[in-house]
Amino acid sequence: GINAEFINIMSDDTSNTCVGSATDEAADDDTEKKVWSRIDQMLQEYRLSPFLNAMVKKFLRDKIGDRRNLKVERIRQWFITRLSGKTHCTPSDPLQLGCPEIIPGLRAFAWWDTTLLPWVQEIEQNFQTIRDELLALKTEKGFRPYRGPSWASKIPAPDSVGSLSHDAGDWNVFYLFLHDAKFEENCEKCPVTVSLIEKVVPRHYHHAFFSALNPGTHVVHHNGPTNKKLRLHLPLTGLEGSRLRVGAETRTYEAGRVMVFDDSFDHEAWHDGDETRIVLIVDLWHPDLSDEEVKFLSLLQKSKLKAERLLSEQDESGDNFYAILEQTKDMLPNNDWWRVANGQLQ
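Description of the structure in this document.

About the thresholds
Residues numbered from 1 in each chain as written. Predicted model: local features only at pLDDT ≥ 70, side-chain atom pairs only at ≥ 80, totals over all residues. Heavy atoms only, no water. Salt bridge = Lys/Arg side-chain N within 4 Å of Asp/Glu carboxyl O. Helix = DSSP H or I, 4+ residues; strand = E, 2+ residues; numbered from the N terminus. Buried < 20%, exposed > 50% of the residue type's maximum accessible area, 1.4 Å probe, protein only. Phe/Tyr/Trp six-rings, centres within 6.5 Å; stacked < 30°, edge-to-face > 60°. Lys NZ or Arg CZ within 6 Å of the ring centre and 35° of its normal. Disulfide = S-S within 2.5 Å. Pairing = 2+ DSSP bridges. Axes fitted to C-alpha atoms, helices over the stretch in contact; angles between N-to-C directions. Parallel < 35°, antiparallel > 145°, perpendicular 65-115°, else oblique. Contact = heavy atoms within 4.5 Å. Nonpolar A, V, L, I, M, F, W, Y, C, P; charged D, E, K, R; others polar.

Right, let's get into the pattern of salt bridges. If you walk through the whole model with that rule in mind, you get 25 salt bridges. Linking Asp 288 and Arg 107 is a salt bridge whose minimum nitrogen-to-oxygen distance equals 2.7 Å. Of this pair, Asp 288 sits in the loop between strand 15 (277-285) and helix 9 (291-312) while Arg 107 sits in the loop between helix 4 (73-83) and strand 1 (111-112), and the two are 181 residues apart along the sequence. According to the relative accessible area criterion, Asp 288 is buried, its value standing at 19%. Across the pair Arg 245 and Glu 268 runs a salt bridge whose closest N-O atoms are separated by 3.2 Å. Placement of Arg 245 in strand 11 (residues 242-246) and of Glu 268 in strand 14 (residues 267-271) is noted, with a sequence separation of 23 residues between them. Glu 268 carries the same exposure label as Arg 245, and that label is buried.

Given below as structure tokens:
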């Protein structure tokens, strides 16, 4: 089958190579051409430059093709699955079935025990400083409605700008990092928070923001885009009446106590309190991925995001992530939407 042929072709293990007739060698050459042709087709979605395409193919030969290299085993199985024509690997848990990208071989916990992630203690130790930086934003610009392209949700936005992920209430966000981009102006307003994200969170995913749910908000159930990352919540303010379900378990928030979950699992959120609930959200690469695997996946992801950014500039419909980010940038002229007890920040 194509899977075994791919490994044999990529592998430097000569014990798998037999010396045969000229006809056998011709057949092997033909098989190799077909495999590389399929690889080229698969890589097209990442819109790699010629230089990056050469780097990726070298990685495939040197790393993926060497079965003795177990540091890339998860990516090897993912790549072979994709190469065989399947677009989706089978997840470990049925509640991950709605996730469009599954990397095989990664531990799948809906909720992660934070004792497995000892670095979260430093985040918790800086809770008050992070919270102070957040509360200082009450008089600053930077929050915007959370929106996605129309295809991302069945809930259209009432102002026709993208779609919503909530069917009640309001959801606003203050981006620090998104789609491999740093929101410099916002980050300057939260220097300690950003420093902790960059220096304490291991291999952060360049996706971090303050997430604000107003009273009466329900974020509908959904799966995240991939299982190759985990999501951290640091609860900051307005937590009473707020809860989060991930997989089959629903939890409530405790101020300053980090929660880490795998958002490839089906999840949803409710906020029934009287104040605006705000948490810091930070994504990080799954700890089971090796540094080599993260480097490879990052290369593919950055190339794809760069191409999507360029294509969005030619998209006259304005129905893409980058256009919607621009359209929502100044939607909130002030923070009157931010509800606090008795009009006072606690």
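Further remarks concern unusual backbone geometry. Residues other than glycine seldom take positive phi values, yet Arg 203 does so here, at roughly 50°. In this structure, Arg 203 sits in the loop between helix 8 (191-199) and strand 8 (204-213). Residue His 206 is not a glycine yet carries a positive backbone phi of 60°. Looking at where His 206 falls in the secondary structure, it is placed in strand 8.

Before going further, it helps to examine the packing of aromatic side chains. Tallied over the full model, the rule gives 14 aromatic pairs. Aromatic pair Trp 78 and Phe 79: ring centres 6.4 Å apart, planes at 65°, arrangement edge-to-face. Of the two residues examined, Trp 78 and Phe 79, each falls in the buried class. Measuring from centroid to centroid gives 5.1 Å for Phe 143 and Trp 337, while their planes differ by 65°, and the two rings are edge-to-face. One end of the pair, Phe 143, is in the loop between helix 6 (127-136) and strand 2 (144-145); the other, Trp 337, is in the segment after helix 10 (321-328), and 194 residues separate them in sequence. Considered together, Phe 143 and Trp 337 belong to a single accessibility category, that of buried residues. Positioned above the aromatic ring of Tyr 205 is the side chain of Lys 229, whose terminal nitrogen or guanidinium carbon lies 5.9 Å from the ring centre.

Enumeration according to the criterion identifies zero disulfides in this entry. Sulfur of Cys 99: no disulfide; nearest cysteine sulfur belongs to Cys 89 and is 11 Å away. Owing to a relative accessible area of 1%, Cys 99 belongs among the buried residues under this scheme.

Let us look at the sheet that holds strand 5 (residues 166-168). The strand order across the open sheet built from five strands is 5-9-14-11-12, with neighbouring strands paired in antiparallel fashion. Sheet topology places strand 5 and strand 12 (249-252) at the edges, where each strand pairs with a single neighbour. The average angle at which neighbouring strand axes cross in this sheet is 20°, direction not considered. For strand 9 (residues 217-222) and strand 14, the ladder comprises four bridges, and the chain directions are antiparallel. Note that in strand 14 the partner of His 218 across the bridge is Trp 270.

For the pair helix 6 and helix 8, interaxial distance at closest approach is 8 Å and the crossing angle is 130°. What the angle tells us is that helix 6 and helix 8 run oblique. The residues of helix 8 that touch helix 6, namely those facing Thr 129, Ile 130 and Glu 133, are Pro 191, Val 192, Thr 193 and Leu 196. Tallied by class, residues from the contact of helix 6 with helix 8 come to four nonpolar, two polar and one charged.

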